[in-house]
Amino acid sequence: MKVKLKLHCLIQLLISALILLGLIFNIRNSRLFNFYDHLLHHKLVKNRDGKIWKVITVLNEPKVIVVWDFLLAGLLVLFHHPWLALWSLGTLAVTDAVGIFLKHSVKRKRPLSMRTYRDGYSFPSGHVLSATIMSLMLWQIFGHIMGIWLLITLIIAWGLVVVSRLNMRAHYPSDVLGATTLALFCFTIAQQLLGLAF
């Protein structure tokens, strides 16, 4: 059973790393890839004025997700799970740090329509990265208790964050895919570390 789990995780790490490296390579070197990414960006959404998307954006700011994570950690400590609390804080911190490193390494400019609203780089999406890793951690911690309803709720919430980033024209589709892939990569490692600790 443990051998299969390790092999499964290794495959997951390999696939997510290949997707992430492929995205980075194409963003930096392929005009054709960027052309189609920009084209898809413009075709996906026509309206960005909905207030609901702005609310979703604010609630899922990476800094706000840090606050949610500290609240989660406090709850875990309250229920006598201090190591799980440290794991959740460490997982988010490392994932966000890798995301920031990638942003400053790739240095992809934001879509033209968003440059007047936000500074910084586009790849990977910080909102999607934080929301994805937080969703994965919540599923890891509470999935066995809350079951399918938690899974459905997390998928819907995550989907709304993804749509909000595209709807607000803050990111290209590849930024969202890159953030999701990076979160899966980091979570797979964190999950294995959690398995070793318990």
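Preceding this paragraph is the structure being described.
Counting restarts for each chain, with residues numbered from 1 along the sequence as it is written. Two thresholds apply to this predicted model, a pLDDT of at least 70 for residue-level local features and 80 or more for giving and counting side-chain atom pairs, whereas whole-chain, interface and lining totals are computed over all residues. Note that the side-chain values use all heavy atoms of the structure and ignore hydrogens as well as water.

1. Topic: the pattern of salt bridges
Whenever Lys or Arg places a side-chain nitrogen within 4 Å of a carboxyl oxygen from Asp or Glu, that contact is recorded as a salt bridge. Overall, the coordinates contain two salt bridges when judged by the stated rule. D37 is the salt-bridge partner of R108, the closest N and O atoms lying 2.8 Å from each other. With a gap of 71 residues between them, R108 in the loop between α5 (82-106) and α6 (126-146) and D37 in helix α2 (residues 31-44) connect regions that are remote in the sequence. The salt bridge involving R108 is made with D175; its shortest N-O contact spans 2.8 Å. Of this pair, R108 sits in the loop between α5 and α6 while D175 sits in helix α8 (residues 173-197), and the two are 67 residues apart along the sequence. Assigned by exposure class, R108 and D175 land together as buried. Secondary structure elements are defined from DSSP: runs of H or I of at least 4 residues count as helices, runs of E of at least 2 residues count as strands, and each element is numbered from the N terminus. Burial classification: accessible surface area is computed with a 1.4 Å probe over protein chains only, and a residue below 20% of its type maximum counts as buried, one above 50% as exposed, and the rest as partly exposed.

2. Examining the environment of A73
You can see A73 is positioned in helix α4 (residues 62-78). For the pair A73 and W83, spaced ten residues apart in sequence, the C-alpha separation works out to 9.4 Å. Excluding its chain neighbours within four sequence positions, the residues that come into contact with A73 are A85, S88 and L89. Contact definition: two residues touch when any of their heavy atoms are within 4.5 Å.

3. Quick word on the packing of α5 against α6
Where α5 meets α6, the axes come as close as 10 Å, and the angle between the chain directions of the two elements is 160 degrees. Taken together, the axes of α5 and α6 are roughly antiparallel relative to one another. By crossing handedness, the relation of α5 to α6 is classed as right-handed. Seen from α5, the contacting residues are L84, W87, S88, T91, L92, T95, D96, G99 and K103; seen from α6, they are G126, L129, S130, I133, M137, Q140 and I141. Tallied by class, the residues present in the contact of α5 with α6 amount to seven nonpolar, seven polar and two charged. Fitting a line to C-alpha atoms yields each axis, with helices limited to the stretch in contact; the angle taken between N-to-C directions then spans 0 to 180 degrees. Reported orientations rely on four angle classes, namely roughly parallel under 35 degrees, roughly antiparallel over 145, roughly perpendicular from 65 to 115, and oblique for the rest. Note on convention: near helix rotated counterclockwise from far helix by under a right angle means a left-handed crossing. Clockwise means right-handed. Under this grouping Gly is polar, as are all residues other than the nonpolar Ala, Val, Leu, Ile, Met, Phe, Trp, Tyr, Cys and Pro and the charged Asp, Glu, Lys and Arg.

4. Examining the side chain of T57
Secondary-structure assignment places T57 in helix α3 (residues 51-59). With relative accessibility at 9%, the residue T57 sits in the buried group. Polar contacts involving the side chain of T57 include one to the side chain of R165, which spans 3.2 Å. Not counting chain neighbours up to four residues away, the residues in contact with T57 comprise H127, S164, R165 and M168. As used in this structure description, the phrase polar contact means that two N or O atoms lie within 3.5 Å; if the pair is within protein, one of them must be able to donate a hydrogen and the other to accept it, and residues adjacent in sequence are counted only when both atoms belong to side chains.

5. Section: α2
One less than the number of residues in a helix, times 1.5 Å, gives the span that helix is expected to have. Helix length check: α2 (14 residues) gives 20 Å between terminal C-alpha atoms against 20 Å at 1.5 Å per residue, within 8%. Turning to α2, its buried residues number three or more, namely N34, D37 and H41. Projected onto a plane normal to the axis of α2, the buried residues spread over an arc of 60 degrees and lie on a single side. Facing away from the buried surface of α2 by more than 90 degrees, the exposed residues are R31, L32 and K43. Regarding the arc, it is the one traced by the directions from the helix axis to the C-beta atoms.

6. Focus on the packing of α4 against α5
Direction vectors running N to C along α4 and α5 enclose 165 degrees, while the axes themselves pass 7 Å from each other. The orientation of α4 with respect to α5, classified from their angle, is roughly antiparallel. With respect to the hand of their crossing, α4 and α5 are arranged in right-handed fashion. The residues of α5 that touch α4, namely those facing I65, V66, D69, F70, L72, A73, L76 and V77, are P82, L84, A85, S88, L89, L92 and D96.

7. Regarding the packing of aromatic side chains
Note on aromatic pairs: the rings of Phe, Tyr and Trp (six-membered ring only in Trp) are paired at centre separations within 6.5 Å, and the planes decide the class, stacked below 30 degrees, edge-to-face beyond 60, tilted for the rest. Throughout the structure, instances matching the rule amount to two aromatic pairs. Taken together, a centroid distance of 5.2 Å and an interplanar angle of 75 degrees make the contact between F35 and Y36 edge-to-face.

8. Digging into the environment of T132
Take T132: it is sitting in helix α6. On a C-alpha basis, the gap between T132 and V161 in space is 9.1 Å, while along the polypeptide they are 29 residues apart. Setting aside anything within four residues of it in sequence, one finds T132 in contact with W158, T180 and A183.

9. Here we look at unusual backbone geometry
F123 connects to P124 through a cis peptide bond whose omega is -10 degrees. Counting through the fold element by element, P124 comes out in the loop between α5 and α6. Positive phi outside glycine occurs at H80, with the angle close to 65 degrees. By relative accessible area, H80 is classed as exposed at 68%.

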